[in-house]
Amino acid sequence: MNFPDPNSPIEPPEVDDITAKLSALLDGELDRTELIDVEQFAVDNGTTIDELSADLAASKVAVSHLVTDPVPPSTRSAHIGAALDAMEMPEVKSFAAARVDRAQRLNNRLRRLTAVAAIFAVVGGIGLLSVQGGFGGSDDEAATSSDDSAESAAMLERNQSADGSASDDGDSFDASAEEAFEGAAPSEAGDTDLAQSVPPEPISVPEAFDLAGATLFDLPADVRQRSSIASGSSAPVNEAICFDAAAELVPQEEIVEGIIIEQAGSEFELVVLINEELFVFELPECVQVD
Amino acid sequence: MNPPRHTQTELIAAAQKGDKRAMNTLLESEYDRIHSVCRRIMGNDADAADGCQEALLAIVRGISRFDGRSKFSTWTYRVATNACLDEIRRKKRRPLPSDHVEELPLSSQSHDAQTTDRMVLSAALDQLADDFRLPLVLRDIVGCDYREIGELLNIAPGTVRSRIARGRKHLSNTLGNQTDNETVIEPKPPSESGQSPTHRP
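Description of the structure in this document. Given the structure is predicted, the values throughout are model-derived calculations rather than measurements.

Moving on to the overall build of chain A. Summing up its helical and strand segments, chain A has 12 helices and 5 strands in all. Counting every position in chain A, which comprises 290 residues, the buried fraction comes to 36%. Considering only intrachain contacts with a sequence separation of at least 6, the fraction spanning at least 24 residues in chain A is 51%. Carbon and sulfur atoms make up 54% of the accessible area of chain A, which totals about 16,100 Å².

Per the stated rule, a full pass over the model turns up 21 salt bridges over all chains. One salt bridge in this structure joins Glu14(A) and Arg166(B), with 3.3 Å as the shortest N-O distance. Taken together, the residues span two chains, with Glu14(A) in the segment before helix 1 (17-26) and Arg166(B) in helix 9 (residues 157-181). Taking the relative accessible area as the measure of exposure, Arg166(B) reaches 13% and is therefore buried. A salt bridge links Arg40(B) to Asp126(B), with the shortest nitrogen-to-oxygen separation between them at 3.7 Å. Within this pair, whereas Arg40(B) is found in helix 2 (residues 20-42), its partner Asp126(B) is found in helix 6 (residues 113-127), the two being separated by 86 residues in sequence. The buried category is assigned to Arg40(B), whose relative accessible area is 0%. By relative accessible area, which is 0% here, Asp126(B) ends up buried. Shared partners join several salt bridges into a network, and the residues in it are Asp27(A), Lys60(A), Arg139(B), Asp140(B) and Arg168(B).

Okay, the packing of aromatic side chains next. Residue and element names in this part refer to chain B. Evaluated as defined, the whole model comprises 4 aromatic pairs over all chains. Ring plane angle 50° and centroid distance 5.2 Å describe the contact between Phe 66 and Trp 75, whose orientation is recorded as tilted. The buried category is assigned to Phe 66, whose relative accessible area is 9%.

Taken as a whole, this structure holds 1 disulfide over all chains when the rule is applied. Each sulfur in the disulfide pair Cys242(A) and Cys286(A) lies 2.1 Å from the other. Judged by the torsion about the S-S bond (-85°), the Cys242(A)/Cys286(A) disulfide is left-handed. Placement of Cys242(A) in the loop between helix 11 (228-231) and helix 12 (243-247) and of Cys286(A) in the loop between strand 4 (278-282) and strand 5 (287-289) is noted, with a sequence separation of 44 residues between them. On the accessibility criterion, Cys242(A) (1% relative accessible area) is buried. Accessibility expressed as a relative area gives 19% for Cys286(A), which makes it buried. Looking at the unpaired Cys52(B), the closest cysteine sulfur is the one in Cys38(B), lying at 4.8 Å.

So, about the interface of chain A and chain B. Counting from both sides, the interface comprises 46 residues of chain A and, opposite them, 50 residues of chain B. Interface area for chain A against chain B, summed over the two sides, is near 4,400 Å², with a carbon-plus-sulfur share of 60%. A salt bridge links Arg76(A) to Glu28(B), with the shortest nitrogen-to-oxygen separation between them at 2.9 Å. Between chain A and chain B we count 19 residue pairs in polar contact (both at pLDDT 80 or more) in total. Mapped onto the side of chain A that touches chain B, the elements with two or more residues apiece are helix 1, helix 4 (54-65) and helix 5 (73-86) of chain A. It is helix 5 of chain A that provides the largest number of residues to the side of chain A that touches chain B, a total of 10 residues. Looking at side-chain class alone, the side of chain A that touches chain B contains 25 nonpolar, 9 polar and 12 charged residues.

Residue and element names in this part refer to chain B. One can describe the packing of helix 7 (residues 130-142) onto helix 8 (residues 146-153) by two numbers: an axis separation of 10 Å at closest approach and a directional angle of 135°. Judged by the inter-axis angle, helix 7 sits oblique to helix 8. Where helix 7 crosses over helix 8, the two elements pack in a sense that is right-handed. In this structure, helix 7 uses Leu 134, Pro 135, Leu 138 and Arg 139 to contact helix 8, whose residues at the interface are Tyr 146, Ile 149, Leu 152 and Leu 153.

The rules behind these values
Residues numbered from 1 in each chain as written. Chains lettered and ligands numbered in written order. Predicted model: local features only at pLDDT ≥ 70, side-chain atom pairs only at ≥ 80, totals over all residues. Heavy atoms only, no water. Helix = DSSP H or I, 4+ residues; strand = E, 2+ residues; numbered from the N terminus. Buried < 20%, exposed > 50% of the residue type's maximum accessible area, 1.4 Å probe, protein only. Contact = heavy atoms within 4.5 Å. Areas by Shrake-Rupley, 256 points an atom, 1.4 Å probe, with all protein chains shown as cover. Salt bridge = Lys/Arg side-chain N within 4 Å of Asp/Glu carboxyl O. Phe/Tyr/Trp six-rings, centres within 6.5 Å; stacked < 30°, edge-to-face > 60°. Disulfide = S-S within 2.5 Å. Buried area = accessible area lost by both parts, 1.4 Å probe. Polar contact = N/O pair within 3.5 Å; in protein donor to acceptor, adjacent residues only side chain to side chain. Nonpolar A, V, L, I, M, F, W, Y, C, P; charged D, E, K, R; others polar. Axes fitted to C-alpha atoms, helices over the stretch in contact; angles between N-to-C directions. Parallel < 35°, antiparallel > 145°, perpendicular 65-115°, else oblique. Left-handed = near helix turned anticlockwise from the far one by under 90°.

Worth remembering: the numbers are spatial, not functional.
What follows is the structure in structure tokens.
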């Protein structure tokens, strides 16, 4: 004999049309025609609508009274506290954004300085040429001197752009100044600046540690503390190298930072999400590890 | 001297500007009802805790979108309902039956009739399949009409009506059986046959 599973959900049997209409009547969802049908049914059976629907009405009232279930105070305060904490989350996000903004502002300042330096180099170079021309100096020497000045400007550029897009050949002073403005897109420059400000040094993680399915708080303490979430401080955010790959999986605003680790001779980035879950990407190709 | 009491409108305006104390006051005032809705939608205490947390987070994150066209409590109900339905969809599993099922008393000797009735009803509601429990909860606790329920659950209003009727009838039968089995529960109005309960413990 088969007994029903006590944990299996119950699907109540079908009800007759009158029961369905009586139920709808209690909810104020019966139209005029249907109401007449129900009234006629009651008359035919020598009863009233109220009597017919008494059990359903009792059930409806009883369910509505379940709203007064008590809640443990600890659960209540924990829930409300966590929700209120979430009001601060945008500030955490804006902190990260502020770092990028600050990096970009710094980068813009560097670019302006570079441009000014390039202009000085041009002016200085022309002046030097004039002086050397007046005293019989060679063009080569002038070029060498101006190369030095341009290289100074280019060094500033290199400080802001690690991708080598800025020119340091000194062939053209104008080109140097122009490249100082156009050598790197603002976002690239900003990322580079962040990367330079927080060099990602891999942290060694024991080979036995299973990264699959781990959350931020499953990680070894030294790794976990690299996260601004775990440290609870305004420590530098490690910009995620595999940001684009992670952004294909979750909305960008859920990506907090990346932590570089080394395990079994390979480098991985743990991309930390705002819900403290992690994506694991193998570097340098940002191949997601399941 | 008592601190000044703020109207709900003032609290909402302050919360929308990021005032945590105002938000706290609002959540405190609505918490019990929100939790109750979540408890009934989710079907068990453990999932209700998750659902309630998600609901509160959704309220905090969505407070700026509350435009005052409905009552705040109604809006929070709707937000909580959606958060819990999302949670159910996310979990993609039927919530486990409530612990109350195992704790049901065999007799009413140690409980008053109301408490026993409520526990029986709670267990019966929790045991209903989602398809039947959700429309009932949305109607009888949240107060949605059939059209709204249909939109929330993506089913036709006719289906909503049918499922509510079936669920309600089931609960009615459960309560009726309980009444028959409990000597201390007030008897329902006598039936035409005038028969007394036959299944006594």
